[in-house]
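Okay, here's what each chain looks like letter by letter:
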Amino acid sequence: MEHRLIEAIETALGWGGAAELGKGFARGELDDSALLSRLLTPNRLLDIAMRRSLNRPQFRCFQNGVEVHPAVYYTDSVSPRGQSIPMVNMRSLGNLLRDGATLILDQANVFDPTMEVACRALQWWSQERVQVNAYLTTNDAAGFPLHWDDHDVVIVQLAGEKEWEVRAASRKVPMYRDSDPNNTPNDEIIWSGVMRTGDVMHIPRGHWHQATRTGSGSGKSLHVTFGITKRTGANWLAWLADWCREREIFRHDLDRWRGPDGASLTEAAATLLDARSPADYLIAYEQETTLPRHVPFLDILGPLDAVVCTTHFPPRIRESGETVDVLAAGKKLTLAAKALPALRLLLSGRPVVLEHAVAVVGADAAEVAGILVEEELCAVLTPELSSGYTGLVTSAGF
């Protein structure tokens, strides 16, 4: 799946692909100015907050470096029948933003189709899970204090400007669950300066950083942070621990009195290590990831006329003589080999209008699309979902 954002990030950072993730701090400027407002604007972020029932910690507001209590900017919307739904009080939120505040929407990809598609494209590109958080800061307001993240981040400044400081890591590749709390910031400043509209920055896992508009006067800053969580050796070992349950020797109690048979366990563990490599784990992780949320296809609502592949990672297509296998999201579909052209088109990650697909690869495309939608590897291309691709991802077959 080719996405304008990925192309722009690679160009800005001088990257040749996702292999550069986590290798070192990088900063650049996007050369596609129209891309910024297409991704997200301050008003669109506020519109998301207005139209949805968001709860802490997914939606938070900070002022003077301290989190504002939700009671200040939330209210209950009560229906004529007395049903109560917590909603953001936009008048109160507006007052906070006028005074200077930072609002944060975690996992904006859950609520906005453009952010959803951008994260999916980044997942297909990086072969890792991605989520995006949005940060709107107004006037003379502070952000989070100096901290580090347990994942790599790519930050895109969409509007306004914000001052940043990035420091080296105190501990090499620290983890969320670790043997060291890693609470002492490194004194080495790698970069400090202002991120302006169109700037992009990559901060590897463990690097300390902070951002603020304190002292910047009136104005705004909107940036999105794509969090990219890469697999580690610890993840591989945890995966192996699940596989060990297949072997009887690992299911036996460890005998406290006679002592466990350490030699046998060590030998069995070594066999397990040899049988399932880190590469095997990475492939299994992609294929076993559960299916994402999407609108189900209901024929009572209308015919299936356009689809798009919505798996977290690119499905694997494996040819085998007279058949072809599709492996994705813990599923294995086997179809006749003649379905291969349709599969390549429908599983490209790009929107597919079935009328055009039939014209390109033949009548089989409609039947194959129906199977893929039924198995939930593809989703109905609703107008809302389609809007997340428009102008960002080229439609297939055109």
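Everything discussed here concerns the structure shown above.
Structural notes, computed from the coordinates.

Scoring rules and cut-offs
- Residues numbered from 1 in each chain as written.
- Predicted model: local features only at pLDDT ≥ 70, side-chain atom pairs only at ≥ 80, totals over all residues.
- Heavy atoms only, no water.
- Helix = DSSP H or I, 4+ residues; strand = E, 2+ residues; numbered from the N terminus.
- Buried < 20%, exposed > 50% of the residue type's maximum accessible area, 1.4 Å probe, protein only.
- Contact = heavy atoms within 4.5 Å.
- Areas by Shrake-Rupley, 256 points an atom, 1.4 Å probe, with all protein chains shown as cover.
- Pairing = 2+ DSSP bridges.
- Phe/Tyr/Trp six-rings, centres within 6.5 Å; stacked < 30°, edge-to-face > 60°.
- Axes fitted to C-alpha atoms, helices over the stretch in contact; angles between N-to-C directions.
- Salt bridge = Lys/Arg side-chain N within 4 Å of Asp/Glu carboxyl O.

## Quick word on the overall build of the protein chain
Argument step 1. Along its length, the protein chain carries 14 helices and 18 strands.
Argument step 2. By its C-alpha atoms, the protein chain is 70 × 65 × 55 Å across when sized along the principal axes.
Argument step 3. Out of the 398 residues in the protein chain, the part that is buried amounts to 45%.
Argument step 4. Expressed as a percentage of contacts within the protein chain between residues at least 6 apart in sequence, the contacts between residues at least 24 apart total 76%.
Argument step 5. Carbon and sulfur atoms form 50% of the exposed surface of the protein chain, whose accessible area is close to 20400 Å².

## Structural notes on the sheet that holds strand E18 (residues 378–380)
Argument step 1. Spatial strand order, E17-E13-E18: three strands in an open sheet with antiparallel pairing. Each end of this open sheet is capped by a strand with a single partner; those strands are strand E17 (352–353) and E18.
Argument step 2. As paired elements, strand E13 (residues 306–309) and E18 share three bridges and run antiparallel to each other. For Val307, the partnering residue across the bridge sits in E18 and is Val380.

## A short note on the packing of aromatic side chains
Argument step 1. As enumerated under the stated definition, the model contains 10 aromatic pairs in all.
Argument step 2. Here the aromatic rings of Tyr135 and Phe144 are separated by 6.4 Å at their centres, their planes lie at 85°, and the arrangement is edge-to-face.
Argument step 3. For Tyr135, a relative accessible area of 13% corresponds to the buried category.
Argument step 4. With 5.4 Å between their ring centres and 50° between their planes, Trp239 and Tyr281 make a pair best called tilted. Within this pair, whereas Trp239 is found in helix H7 (residues 233–243), its partner Tyr281 is found in helix H10 (residues 278–288), the two being separated by 42 residues in sequence.
Argument step 5. A relative accessible area of 11% means that Trp239 is categorised as buried.
Argument step 6. Its relative accessible area of 7% is what places Tyr281 among the buried residues.
Argument step 7. Joined through ring pairs, the aromatic side chains of Trp239, Trp243, Tyr281, Tyr285 and Phe313 make up one cluster.

## Some thoughts on the sheet that holds strand E16 (residues 331–336)
Argument step 1. Spatial strand order, E14-E15-E16: three strands in an open sheet with antiparallel pairing. Bordering the open sheet on either side are strand E14 (316–320) and E16, each of which pairs with just one other strand. Going across the sheet, the axis of each strand differs from the next one's by a mean of 20°, ignoring polarity.
Argument step 2. Where E14 meets strand E15 (residues 323–328), five bridges bridge the pair, whose relative direction is antiparallel. What sits directly across from Ser320, in E15, is Thr323.

## Quick look at the pattern of salt bridges
Argument step 1. A complete count under the given rule lists 16 salt bridges for this structure.
Argument step 2. With a shortest N-O distance of 3.1 Å, Asp112 and Arg44 are connected by a salt bridge. You can see Asp112 sitting in the loop between strand E6 (102–105) and helix H6 (113–126) and its partner Arg44 sitting in helix H3 (residues 42–51), a full 68 residues away along the chain.
Argument step 3. Given the relative accessible area of 7%, Asp112 is considered buried.
Argument step 4. The exposure class assigned to Arg44 is partly exposed, which follows from its relative accessible area of 24%.
Argument step 5. Between Asp325 and Lys332 there is a salt bridge, with its nearest N and O atoms 3.9 Å apart.
Argument step 6. Residue classification places Lys332 among the exposed positions, given a relative accessible area of 52%.
Argument step 7. Several salt bridges converge on common partners, so that one network encompasses Arg318, Asp325 and Lys332.

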